[in-house]
There are 2 protein chains.
Amino acid sequence: MSQYRAPLADMRFALFDVLDVEKQFAALGYDEVTPDIVDAVLDEAARFTETVLAPLNAVGDDIGCKFDSATGDVVAPPGFKQAFDQFVDGGWTGLTNDPAYGGQGMPEVLGAALTEMVDAANLAWGNFPMLSHGAVEALNRYGEDWQKEAFLRPLVEGRWTGTMCLTEPHAGTDLGLLKTRAEANADGSYSITGTKIFITCGEHDLVPNIIHLVLARLPDAPPGPKGISLFVVPKFKVGKDGAAGERNAARCGSIEHKMGIHGSVTCVMNFDGAQGYLVGEANKGLQAMFVMMNSARMGVGLQGLGLSERAYQNAVRYARERLQTRSLAGAKFPEKAADPIIVHPDVRRMLLSMKSLVEGGRLLALHAYSQLDAAHHAQDADARAKADTLASFLTPITKACQTEWSIENTYNAIQCFGGHGYIHEHGMEQLARDARITTLYEGTTGIQSLDLIGRKTASTQGAGLKLFLAMIDDFAKQHEGDVALAEFIAPLKAKAAEWAQLTTGILQRAAKNPEELGAASTDYLFYSGYVVLAYWWARSVAAANGSSRNAAFKQAKLDTARFYFARMLPRTLAHKAAIESGAEPLMAMPAELFGD
Amino acid sequence: MSQYRAPLADMRFALFDVLDVEKQFAALGYDEVTPDIVDAVLDEAARFTETVLAPLNAVGDDIGCKFDSATGDVVAPPGFKQAFDQFVDGGWTGLTNDPAYGGQGMPEVLGAALTEMVDAANLAWGNFPMLSHGAVEALNRYGEDWQKEAFLRPLVEGRWTGTMCLTEPHAGTDLGLLKTRAEANADGSYSITGTKIFITCGEHDLVPNIIHLVLARLPDAPPGPKGISLFVVPKFKVGKDGAAGERNAARCGSIEHKMGIHGSVTCVMNFDGAQGYLVGEANKGLQAMFVMMNSARMGVGLQGLGLSERAYQNAVRYARERLQTRSLAGAKFPEKAADPIIVHPDVRRMLLSMKSLVEGGRLLALHAYSQLDAAHHAQDADARAKADTLASFLTPITKACQTEWSIENTYNAIQCFGGHGYIHEHGMEQLARDARITTLYEGTTGIQSLDLIGRKTASTQGAGLKLFLAMIDDFAKQHEGDVALAEFIAPLKAKAAEWAQLTTGILQRAAKNPEELGAASTDYLFYSGYVVLAYWWARSVAAANGSSRNAAFKQAKLDTARFYFARMLPRTLAHKAAIESGAEPLMAMPAELFGD
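Residues numbered from 1 in each chain as written. Chains lettered and ligands numbered in written order. Predicted model: local features only at pLDDT ≥ 70, side-chain atom pairs only at ≥ 80, totals over all residues. Heavy atoms only, no water.

## Regarding empty space enclosed by the protein
Residues and elements named next belong to chain A. Quick note on the threshold: Only protein atoms enter the 1 Å grid used here. Points where a 1.4 Å probe fits but cannot escape make up a cavity, open sets with protein on both sides within 12 Å along at least five of seven lines make up a pocket, and a residue lines them when an atom lies within 4 Å of a point. Grid points are joined across faces, edges and corners, and a volume is the space filled by probe spheres set on the points. The numbering of helices and of strands both runs from the N terminus, where a helix is a DSSP run of H or I of at least 4 residues and a strand a run of E of at least 2. Three residue categories are used. Nonpolar comprises Ala, Val, Leu, Ile, Met, Phe, Trp, Tyr, Cys and Pro, charged comprises Asp, Glu, Lys and Arg, and polar comprises the others, including Gly.
This structure, assessed with the given rule, holds one cavity of 30 Å³ or more. The space that makes up the largest cavity amounts to roughly 370 Å³. Lining the largest cavity are 29 residues, with Thr93, Thr115, Pro129, Met130 and His133 positioned closest to its centre. Listing elements by their share of the lining of the largest cavity, those giving two or more residues are helix 5 (80-89), helix 6 (108-121), helix 7 (123-142) and helix 9 (285-321). When residues in the lining of the largest cavity are grouped by element, the largest group, seven residues, is from helix 6. Considered class by class, the residues forming the lining of the largest cavity number 15 nonpolar, twelve polar and two charged.

Right, dumping it as structure tokens:
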């Protein structure tokens, strides 16, 4: 079975030494979130995830969720409900939410550290609270006061959970095609009718009520994405007084058999004139959907990170224990039957790629979350707007890169285990199967890539990119002449300049041919992700050097940064060449020539 | 459920137009293997694999193999035995084997086309005949005459199947550590005692007897790999007259629960004084093992190719059918609710990477098999030696690259399906789970990479590489001044020169520090694979242009070649940079600093 220990030392380094959250929390008015409080939260989150959630990870995979087709009920894997009760009792569900509705008002960046641990310990279980998070965001922003009291508070308190009901069989990426309809009732409620698919945690027995946020069309709605409205539809009807009543006509029709995340139920949800209430303005549902979706995308990025961390830990442990053949340079442990496989350069290549992506990725994610905090709580409007722009820019990068890297990292972890990695009982293959969903749901990698190059770059004249380039520039200036950092800063500056040029080139070509955006998109996303990580690795070395950490910690950061610059950053060469080859090699072949 | 149609048009193009097998078969003395015969074999193989094997692929995955712990018996999935009986009746088991022992004496390259189809149709089922193939090779080369009559003939005829029993719990890559022992009996037989793991098709109900080729140590054997001998150990004892007798003490102790290939049973085999016979010389077992292993490695390369082909076919079909959003350049099918997703550049990027790796990979594999034929049947010794060197050089490339590409191709196929790709019923996730074993068994990608740079390059002063570079040079000279090919030949020549330089650089560094070999190995393997495929794509365009194929076929080859050179070949840039960064970034960090 794969093991998990929360990486508290690296989390603390990222939060305190690199991101300097102590200063940020004070500046944003989080007066009570002292370093002691942060430490206590991290310690307790580690304890909970290591001892309660991690042991249920294999159970969830092996037993999965059970669907009763007669009643439409779903039973979660053994122990999942008890773990959720403990999570609620600990106040974790509302950690980052508004105290006015029962939350603890902690910064999002701290919530992200918690979520990484939850997902590493038990990804499937983590979906139950994660989906609530999106519903909370949407209700918080667009809900009427009574809706907040009736729906938001129980979600924050963890008494109920939430879902996002967007996809239909013929409408996934293209929500404009959706057919679910909403008709107004005399009492101000609506009757919702239609079928939604891929509804994560749409039905289960963890809590007595489930709050569905459903996209549907009003009878007079314009066609396409501008005719979509958002409704809140509870499993058990809820009056304006917040009291739960009779069963609503929102039922699970079946559950999917999936490659992984067996402990997380994926439902077909049938709404058959179910009672619901409009959230926000009519026909403005897509706007509210994006609020939920952005929250979920950041969350899925953390899922990738968590899985990568767990894969790495287990691969390192195995590579130290497994004795097999000798070092090419001669026996390094002559007293043993063979050397541990960690002596081999190629095993180290795999381990260091994982380590550099995990620790660099953690900074990418936590920094993005810190910008969400700043976007909501910074003192002046300009700072809020900048932070919002940066967070928006980083959202597709953290979602897509972290999830793609989780595919790579879980792949490499299995390779380190050799044939044993393919055997179920070792737990490594579960990590790979679970990781496989993360590049698909909440928008595939292709969709994230289009979001980055289109909405977040072309449509904003590169506003987010400019802010990130300014960060690189500031850092380089700050450490100009620092000989210990010169080996990182010179290539980082060169990559930053290249990134800017590459972006300009794409946008120029796209002005003539919009397909150039799509042709560049995925390679541009990866290119961007690798440059962002180069920045965080350079900053990690600077932060480690300037910290009170011990020599071993500093050495590990330095060696990993050197590996990253030598072995990972050159991937940008291939992505750049692919981008610069343009759309023609992709678009030339007629569709009918792809095969029979 | 995923579908399969044998890619006969592309196979015929590869065999006849690119590799010119008609000429080769004549030169090697295969007088009876006329184009009509080849066509008939391909057609019948397609019919069998499409109609008999492909429908059992999902069955094998869903039901798997059943183990009875009381008896040690294994029951294969429903239909597997009946399909094997038909395979035997069709004479397929001995297609490429010696007619003296019941084979049909066909060329290996034709056997490879059959095997690709078998593996694409049903990878798990394909393991049953594949493992026999290795046993046949070893017995053919090292078996005594009576052993050939008693064991080889029933294997060739498909009445029995074979296994390779190498791995032990503490001895996988490092067979020198194995502990299974063999003691001589008075009658010339040996008693074999020990436990082997990961024995593919070690026990099953497809045939009445199973022939295990077992590595073990004699009592006086020197330690390490030079003290290993090979034994043939049947499930039911076989006398020198070939008659099967009583049950031998070779029993399945348990079967593994795996990520995929559920229809292919993976056994723990317990030998408890089992009767066996020495094959070849005492303490020379590793040599015989390599004969089996090379056969199996080439076979696993075909597994990767077959899975990639099937993944590609289904992804193309889905991308043409799935309507979702509009082209960035404006609606291309305005009469439909949305455009099919094949209009999108990024979907085409995924499809074309699959197509270029599959069709290029097919040539890599078939060419390597054609060299096996030449190594055995060429008229003069020099030609045989050269073909053997080239086949040896290409074995790790075809094994590791095709299997790694099958990971990438099945990944991309799932991405094309979006969330639907994660759902079991679509069959795409099974392809990814099945593919995941191929980079692990018969030597991981890391082991193949060390084989390529070490045994096949450093130890031979680059003999194999020189032969491949000469092929590139010949081709370039032959088409000098051909304007239609200039766009491919110029970059191909440049890459060939770079490949040579890169190799020299690695070997020079390795002369001072042997860890440089391991540090370069995996990137060197991929670098080599991409240059090899560039050669095959350039030759494909040349062969298509010179053939009687229709304009659409020629256009598809040209467009795919252009995509390959623009979008895939640049991956060599990243691999080259990683190689040139050397061993230091991998070796600097002490093992204890990798984590807690």
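Next comes the rest of the account.
## Looking at the UniProt feature "domain: Acyl-CoA dehydrogenase/oxidase N-terminal" (unreviewed entry) in chain A
To keep things clear, this is the line we draw: UniProt positions are given in the numbering used here, feature names are shortened, and annotations may be inferred rather than shown by experiment.
As recorded in UniProt, the sites labelled "domain: Acyl-CoA dehydrogenase/oxidase N-terminal" (unreviewed entry) are residues 41-158 of chain A. Taken end to end, residues 41-158 of chain A is 65% helix and 5% strand, and its two terminal C-alpha atoms sit 18 Å from one another.

## Considering the interface of chain B and chain A
As a reminder of what qualifies: Residue contacts are defined here by distance: any two heavy atoms, one from each residue, within 4.5 Å place the two residues in contact. Each of two parts loses accessible area, computed with a 1.4 Å probe, when they are put together; buried area is these two losses added. Any Lys or Arg side-chain nitrogen found within 4 Å of a carboxyl oxygen on Asp or Glu counts as a salt bridge.
Between chain B and chain A, the contact holds 99 residues from the first and 99 residues from the second. For the chain B and chain A pair, buried surface summed over both sides reaches about 8000 Å², with 61% attributable to carbon and sulfur atoms. Of all residues in chain B, the largest losses of buried area upon contact with chain A belong to B:Tyr422, B:Arg567 and B:Phe594, amounting jointly to 12% of the total for that side. The interface formed by chain B and chain A includes four salt bridges.

## As for the relation of the copies chain B and chain A
Rule in force here: Here the copies are matched by least squares. The fit uses the C-alpha atoms of residues with pLDDT of at least 70 in both.
For these two chains of identical sequence, chain B goes onto chain A by a turn of 180° and a shift of 0.0 Å along the axis, with RMSD 0.0 Å. In the structure described here, the two chain copies are related by an operation that fits a two-fold rotation axis. Most of the interface of chain B is mirrored in chain A: 100% of its interface residues are interface residues there too.

## Digging into unusual backbone geometry
This is how the line gets drawn: The rule is simple: take the accessible area with a 1.4 Å probe, protein chains only, and divide by the maximum for that residue type; under 20% is buried, over 50% is exposed, in between is partly exposed.
One non-glycine residue, A:Gln461, adopts positive backbone phi at about 50°. Position of A:Gln461 relative to the elements: it lies in the loop between helix 13 (445-455) and helix 14 (463-478). Relative accessible area serves as the criterion here: at 57%, A:Gln461 is assigned to the exposed category. Despite not being glycine, B:Thr325 has its phi angle at roughly 60°, a positive value. Along the polypeptide, B:Thr325 turns up in the loop between helix 9 (285-321) and helix 10 (345-377).

## Description of the pattern of salt bridges
For the coordinates displayed, the defined rule picks out 72 salt bridges over all chains. Ionic pairing is found between B:Arg562 and B:Glu487, a salt bridge with its closest N-O pair at 2.9 Å. Of this pair, B:Arg562 sits in helix 17 (residues 551-568) while B:Glu487 sits in helix 15 (residues 483-512), and the two are 75 residues apart along the sequence. Here the residues in one salt-bridge network are A:Asp10, A:Glu116, A:Glu309, A:Lys355, A:Glu359, A:Arg362 and A:Lys557, joined through shared partners.

## Overview of the packing of helix 1 (residues 8-18) of chain B against helix 10 of chain B
Residue and element names in this part refer to chain B. As a reminder, the rule being used: Axes here refer to lines fitted to C-alpha atoms; in helices the fit is confined to the stretch in contact. Angles between the N-to-C directions go from 0 to 180 degrees. Any angle between 65 and 115 degrees counts as roughly perpendicular, while under 35 counts as roughly parallel, over 145 as roughly antiparallel, and the rest as oblique. Should the near helix be turned anticlockwise from the far one by less than a right angle, the crossing is left-handed, and should it be turned clockwise, the crossing is right-handed.
The geometry of helix 1 relative to helix 10 is characterised by a closest axis approach of 10 Å and an angle of 50° between their N-to-C directions. In this view, helix 1 runs oblique relative to helix 10, as classed from their interaxial angle. Here helix 1 runs over helix 10; the crossing is right-handed. Here helix 1 contributes Asp10, Met11, Ala14, Leu15 and Val18 to the contact with helix 10, which in turn contributes Glu359, Arg362, Leu363 and Leu366. Its residues placed into classes, the contact of helix 1 with helix 10 shows six nonpolar, no polar and three charged.

## A closer look at the pairing of strand 5 (residues 190-200) of chain B
All names here are of chain B. Inclusion rule: For two strands to be treated as a pair, DSSP must find at least two bridges joining them.
The pairing of strand 4 (residues 181-184) with strand 5 spans four bridges and is classified as antiparallel. Bridge assignment links Ala182 to a residue of strand 5, and that residue is Ile192. Where strand 4 hands over to strand 5, the hairpin turn is made up of five residues, of which Gly188 adopts a positive phi near 90°. Here strand 5 pairs with strand 11 (residues 266-279) via nine bridges, running antiparallel. Note that in strand 11 the partner of Tyr190 across the bridge is Gly276.

## Some thoughts on the pairing of strand 6 (residues 210-216) of chain A
Walk down a regular strand and you will see the side chains alternate between the two sheet faces. Residues and elements named next belong to chain A. By the criterion of burial, strand 6 is predominantly enclosed, with seven of the seven residues buried. Burial along strand 6 is two-sided: Ile210, His212, Val214 and Ala216 and Ile211, Leu213 and Leu215, pointing in opposite directions, are all buried. Here five bridges tie strand 3 (residues 161-165) to strand 6, and the two strands are oriented parallel to one another. Along strand 6, the bridge assignment pairs Thr161 with Ile210.

## Concerning helix 7 (residues 123-142) of chain B
For clarity, the threshold we go by: A helix's residues, less one, multiplied by 1.5 Å, set its expected span.
Compared with an ideal rise of 1.5 Å per residue, which puts 20 residues at 28 Å, helix 7 of chain B spans 29 Å between its outermost C-alpha atoms and is within 8% of the ideal. For helix 7 of chain B, the buried fraction is high: 16 of the 20 residues fall into the buried class.

## Observations regarding the UniProt feature "domain: Acyl-CoA dehydrogenase/oxidase C-terminal" (unreviewed entry) in chain A
Following the UniProt record, the feature "domain: Acyl-CoA dehydrogenase/oxidase C-terminal" (unreviewed entry) maps to residues 283-450 of chain A here. Between the C-alpha atoms that bound residues 283-450 of chain A the distance is 24 Å, and the span itself is 72% helix and 0% strand.

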